[in-house]
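Okay, here's what each chain looks like letter by letter:
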Amino acid sequence: MKVTFPHFGSTWVALKALFDKNGVECIVPPKTSKRTLSLGVKYSPETMCLPYKILLGNIIEGLELGADTVINVGGPGLCRLGCYAALHEQALKDLGFKFETIIFDWQEQQIVGLVKCVRRALNTTRPWIEVVGDVKFGLQQLILMDDLERQVHRVRPRALDKGAVARLWRDAGERVSAAHTPEALRKVKKDLFNELNSIPQNPNANPLRVGLLGEFFMAIDPFCNMDLEAELGDRGVEVVRAAFLTNWAKVWLFLAALGLSHDREVKKAASPYLTRDVSGDAVQSLGETILHQREGFDGIIHLMPFTCLPEIIAQNIFPRVTKDHSIPVLSIVLDEQMGRAGLLTRLEAFVDLMERRRARPGLKLAPVHD
Ligand code: SF4
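As the structure is a computational prediction, the values presented were derived from the model and not from experiment. Position numbers for residues start from 1 in each chain and track the written sequence from start to end. Totals for whole chains, interfaces and linings use every residue, but because this is a predicted model, local features are given only for residues with pLDDT of at least 70 and side-chain atom pairs only at 80 or more, for both listing and counting. Side-chain descriptors were evaluated using all non-hydrogen atoms of the structure, hydrogens and water having been removed beforehand.

1. Notes on the overall build of the chain
- By the criteria applied, helices consist of DSSP H or I runs no shorter than four residues and strands consist of E runs no shorter than two, each listed in order from the N terminus. Of the regular secondary structure elements, the chain holds 15 helices and eight strands.
- Computation of the radius of gyration draws on C-alpha atoms, with the globule rule given as 2.2 Å multiplied by the number of residues to the power 0.38. Against the globule reference of 21 Å for 370 residues, the chain gives a C-alpha radius of gyration of 21 Å, in line with a compact fold.
- Principal-axis analysis of the C-alpha atoms gives the chain an extent of 65 × 45 × 40 Å.
- Counting only residues that meet the buried cut, the chain has 52% of its 370 residues in that class. The buried label goes to any residue with under 20% of its type's maximum accessible area, the exposed label to any with over 50%, and the partly exposed label to all in between, with areas taken from a 1.4 Å probe on protein chains only.

2. Quick word on the sheet that holds strand S6 (residues 237-241)
- A strand pair is defined by DSSP finding two or more bridges across the two strands. With respect to topology, four strands assemble into an open sheet ordered S6-S5-S7-S8, the strand pairing being parallel. Each of the sheet's edge strands pairs with one partner strand only, and the pair in question is S6 and strand S8 (329-334). Strand-to-strand, the axes of this sheet are offset by a mean angle of 25°, without reference to chain direction.
- The pairing of strand S5 (residues 208-214) with strand S7 (residues 299-305) spans five bridges and is parallel. Looking at S7, one finds that Leu212 is bridged to Ile301. Axis angles are defined between N-to-C directions and span 0 to 180 degrees, where every axis is a line fitted to C-alpha atoms and, for a helix, only to the segment in contact.

3. Thoughts on unusual backbone geometry
- Positive phi values are uncommon outside glycine, yet Asp227 reaches one of about 55°.
- If you trace the backbone, Asp227 turns up in the loop between helix H9 (216-220) and helix H10 (228-234).
- In this structure Asp227 comes out as partly exposed when scored by relative accessible area, which is 34%.
- At Thr307, a position not held by glycine, the phi torsion is positive, near 75°.
- Within the fold, Thr307 resides in the loop between S7 and helix H14 (309-325).

4. Some thoughts on the site of the ligand
- Surveying the vicinity of the ligand reveals the residues Cys49, Pro51, Cys79, Arg80, Leu81, Tyr84, Glu215, Pro305 and Cys308.
- Polarity classes work like this: nonpolar for Ala, Val, Leu, Ile, Met, Phe, Trp, Tyr, Cys and Pro, charged for Asp, Glu, Lys and Arg, and polar for all others, with Gly in that last group. Split into classes, the residues belonging to the shell around the ligand amount to seven nonpolar, no polar and two charged.
- Note that the domain bounds were set by an automatic or database domain assignment. Two domains each donate at least three residues to the shell around the ligand, and these are domain 1 (2-124) and domain 3 (207-370). We define proximity as follows: a residue is near a molecule or strand when any one of its heavy atoms falls within 4 Å of that partner.

5. Digging into the layout of surface pockets
- Every definition here rests on a 1 Å grid over the protein atoms only: cavities are sets of points where a 1.4 Å probe fits but cannot get out, pockets are open sets enclosed by protein on both sides within 12 Å along at least five of seven lines, and lining residues have some atom within 4 Å of a point. Grid points are joined across faces, edges and corners, and a volume is the space filled by probe spheres set on the points. In this structure, the second largest pocket spans a volume of roughly 940 Å³.
- In this structure, the second largest pocket is lined by 33 residues; those nearest its centre are Trp12, Lys31, Trp169, Arg170 and Pro222.
- Contributing elements (two or more residues each) for the lining of the second largest pocket: helix H6 (128-155), helix H7 (162-177) and H10.
- Ranked by residues supplied to the lining of the second largest pocket, first place goes to H7 with seven residues.
- Of the residues assigned to the lining of the second largest pocket, the class counts are 14 nonpolar, eight polar and eleven charged.

6. Notes on the pattern of salt bridges
- Any Lys or Arg side-chain nitrogen found within 4 Å of a carboxyl oxygen on Asp or Glu counts as a salt bridge. Scanning the entire structure with this criterion turns up 23 salt bridges.
- Ionic pairing is found between Arg186 and Glu183, a salt bridge with its closest N-O pair at 3.8 Å. Taken together, the positions of Arg186 and Glu183, both in helix H8 (residues 182-197) and three residues apart, correspond to about one turn of that helix.
- Relative accessible area serves as the criterion here: at 54%, Arg186 is assigned to the exposed category.
- Each member of the salt-bridge network shares a partner with another, and the members are Lys21, Arg126, Glu130 and Asp134.

7. Some details on a nonpolar patch on the surface
- The patches described consist of residues with a relative accessible area above 30% and no salt bridge, like charges being joined within 9 Å and nonpolar side chains (Val, Leu, Ile, Met, Phe, Trp, Tyr) within 5 Å. Each accessible area is a Shrake-Rupley estimate made with a 1.4 Å probe; only the visible protein chains count as cover when residues are assessed. Together, Val112, Trp128 and Val132 line one region of the surface with nonpolar side chains, adding up to about 240 Å² of accessible area.
- Assignment of secondary structure puts Val112 in helix H5 (residues 110-122).

8. As for the sheet that holds strand S1 (residues 2-4)
- Taken in spatial order, the four strands line up as S2-S1-S3-S4 in an open sheet, and their pairing is parallel. Edge strands, defined here as strands with exactly one partner in the open sheet, are strand S2 (25-26) and strand S4 (100-105).
- As paired elements, S1 and strand S3 (residues 69-74) share two bridges and run parallel to each other. Bridged to Val3 within S3 is Thr69.
- Contacts were defined at the residue level, with two residues in contact if any of their heavy atoms lie within 4.5 Å. Here helix H4 (residues 81-94) sits on the sheet in contact with S3 and S4, set at roughly 155° to S3.

9. Comments concerning the domain arrangement of the chain
- In terms of domain boundaries, the chain breaks down into domain 1 (2-124), domain 2 (128-155 + 158-206) and domain 3 (207-370).
- Computed over C-alpha atoms only, the centres of domain 1 and domain 2 are separated by 25 Å.
- At the junction of the two partners, domain 1 supplies 19 residues and domain 2 supplies 15 residues.
- Buried area is a sum: the accessible area each of two parts loses on coming together, probed at 1.4 Å, counted once for each and added. Buried area between domain 1 and domain 2, both sides added, is near 1500 Å², and the carbon and sulfur share of it is 73%.
- Two residues, Asp134 and Lys21, come together in a salt bridge whose shortest N-O distance is 3.5 Å.
- We define a polar contact as two N or O atoms separated by no more than 3.5 Å, with the added condition that, inside protein, one atom must be a possible hydrogen donor and the other a possible acceptor, whereas residues neighbouring each other in sequence contribute only through side-chain atom pairs. Taken together, domain 1 and domain 2 are joined by two residue pairs in polar contact (both at pLDDT 80 or more).

10. Looking at the pairing of S6
- By the criterion of burial, S6 is predominantly enclosed, with four of the five residues buried.
- Summarising the sheet, S5 and S6 pair through five bridges and their orientation is parallel. In the sheet register, Gly211 faces S6, and the bridge partner there is Val240.

11. Looking at the environment of Arg158
- By secondary structure assignment, the location of Arg158 is in the loop between H6 and H7.
- The exposure class assigned to Arg158 is buried, which follows from its relative accessible area of 14%.
- The spatial distance from the C-alpha of Arg158 to the C-alpha of Ala91 is 46 Å, given a sequence separation of 67 residues.
- Those residues in contact with Arg158 that sit more than four places away from it in its chain are Pro200, Gln201, Asn202, Ala205, Pro207 and Glu238.
- Among the polar contacts made by the side chain of Arg158, one reaches the side chain of Glu238 at a distance of 3.0 Å.

Listed below in structure tokens is the structure:
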């Protein structure tokens, strides 16, 4: 059995460790690249959203390297993501690939479903309690990656050597994935935070603060968003992102099982504008924008893939939100045609706008929209 899976933030870190520890061959697809995108685009209907195409490209690259089993995410839901695992499987079988798919349905049985899925992927009869231990350890690895990334976002705009921050973050996944025991994980956590916090910082820095919101996959995937967090950090802007894998896991694997939700405050803030669950992250995009404005953020960047219905709804409500709450929002629509130079020009203009607003707080500037 040779297992592969599409990239989804740092999930590869925990999955690679899990399979290596259990002696199952794991093929991590190459980092998402232009080749991944062109493969996805080539074999996808044109109007599919970018996540569909990127995930398909990742799986093709994993299968090309010899994988015979694909782990994918699926399940019912309002957004199209729920159908992607089945559609990917059909498209790839039509292309002649031979493999088995294991679908993790995140809305069915939550944490129990995840453990079942892992047992199947490991092809094991090991006691449930041991597999639960492995899943818990994997979640701890992901929590470490998310905590480290938040700290990277904080340190980057203040760091005097930004290259050192980038190098540390680039190597962190391999280091965390190589930690197979709780002791090793504790050590790597201590080392990574010590190294990051010892990078010299400008003590007088007072960076602009931007909330990065929008579609989950666009927000967490640096290839799709053209490494926007690093670009802003290198320009001295602190990025605060709402989307993190472990936040998502907390809601869907644990709180949902208990009929609870962590984002009551976000929904309450968004309620004058959108009360209905339109799936995706639309409510969160609107609610977080209002909460960020109350916390004194300088601006919001809203990311959405072309043809994403939930975020189109949010985008259309943004003009009212920005008018009522006086916070500039830059909406960026991402697809395979997006050019890096154009994105950077718009980012620079937005940073300039936020600087002028900060320098002259009473200044009325029109919010920026696509
Ligand atoms: S939220 Fe939008 S972009 Fe994301 S998977 Fe659903 S439809 Fe596609």
